[in-house]
Amino acid sequence: MGETPKAPGFVPSPTGAQWLISHGDQHAVIVEVGGGLRSYAVGGHDVVAGYPADAACAHGRGQVLMPWPNRLRDGRYVADGAPQQLPITEVARHNASHGLVRWALWELVHQDTSSVDVRYRLHPQPGWPWHLDLRQIYRLGTDGLTVAVRAHNPSATPAPFGFAAHPYAATHGAGADEVTLTIPAERYVTVDPERLLPTGSAEVAGSAYDFRAERVLGEPTLLDTAYTGLEREADGRWRVRVAAPAGTTAIWGGPGLDWVQVFSEKVALPVEGTYPPGVAVEPMSCPADAFNSGEDLVWIAPGGSWSAEWGIERG
């Protein structure tokens, strides 16, 4: 069958199909391209710094990063004794960045008023010799937005895997001296300043990276920093809180997500056209370059699966 004819002048969205879900005064839009979160608002106020339907995703806003998060040195790693070479996608720093699925077309499995279920089969390709079946269920409820993520390996050999989500907490134009952060982490990752690849880790105590007690972000402290040693609350979730005059947003990670990347560069910049300012808070299962370091890298056995949940709360 042919495609349904479109009206003259119709221009498709750069992010494909737009799947709207709602619960009370909460509304969120998940997109076909990348299966990511384009927008989330409560009571008409943006909770995430997203982008409109007629714009392409930029700065990783709301994207999901699989089968590895962050950077992979030179796009190289070894699996079962076989060297692998992935395409270099961060050319300036010669890294393979943010996985293989953030520009892929995700398939709608099911949608109802308050939830949407999407999936994607990642096929073998240069530098990645496995299949992975990936699934995400976005759900709105009284506790905000919850995202359940699952990766299943139908391949004949174990597959390396890491995950991150890349939402931005909206700051609505507040300056860095008006935004406060709370990051309940004991350690942070030190990096090579030229390539932003890990060189080790350090205690946050006594450093500029200590946000265990709420404090102002401030202009000098521009973060692109991974944290671990996260203190979990009674419900088993850690929460990073971003507070601005317009309100507070908490982004949380459940079991299996023992890392978080905080990226604050966009809060210190003026509004860039259709891309509003915010602080990226990225729940992660492992740090950058885990395919080489092995740190918290998951190997999904043939026929096995990995799963986790993360989410966003307002207030």
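Residues numbered from 1 in each chain as written. Predicted model: local features only at pLDDT ≥ 70, side-chain atom pairs only at ≥ 80, totals over all residues. Heavy atoms only, no water.

**Concerning the pairing of strand E22 (residues 238-244)**
Okay, so step 1: Of all seven residues making up E22, six are buried, and the element is well covered by its neighbours.
Okay, so step 2: Note that strand E17 (residues 180-182) and E22 share three bridges and pair antiparallel. Paired with threonine 180 across the strands is alanine 243, a residue of E22.
Okay, so step 3: Hairpin geometry of E22 and strand E23 (residues 247-253) is characterised by an intervening segment of two residues between the two adjacent antiparallel strands. (Buried < 20%, exposed > 50% of the residue type's maximum accessible area, 1.4 Å probe, protein only. Helix = DSSP H or I, 4+ residues; strand = E, 2+ residues; numbered from the N terminus. Pairing = 2+ DSSP bridges.)

**Some points on the sheet that holds strand E27 (residues 305-314)**
Okay, so step 1: Taken together, the nine strands give an open sheet; going across it, the order is E10-E11-E12-E13-E27-E23-E22-E17-E20, and neighbouring strands pair in antiparallel fashion. Looking at which strands have only one partner, the edges of the open sheet turn out to be strand E10 (107-111) and strand E20 (215-216).
Okay, so step 2: Bridge count between strand E13 (residues 144-152) and E27: eight bridges; the pairing is antiparallel. From the neighbouring strand, valine 147 faces E27, where its bridge partner is tryptophan 310.

**What to know about the sheet that holds strand E2 (residues 26-31)**
Okay, so step 1: Here four strands make up an open sheet; going across it, the order is E1-E2-E3-E4 and the pairing antiparallel. Both outer strands of the open sheet, strand E1 (18-23) and strand E4 (45-46), are each paired with one neighbouring strand and no more.
Okay, so step 2: Both E2 and strand E3 (residues 37-42) contribute to a ladder of five bridges, which runs antiparallel. Paired with glutamine 26 across the strands is valine 42, a residue of E3.

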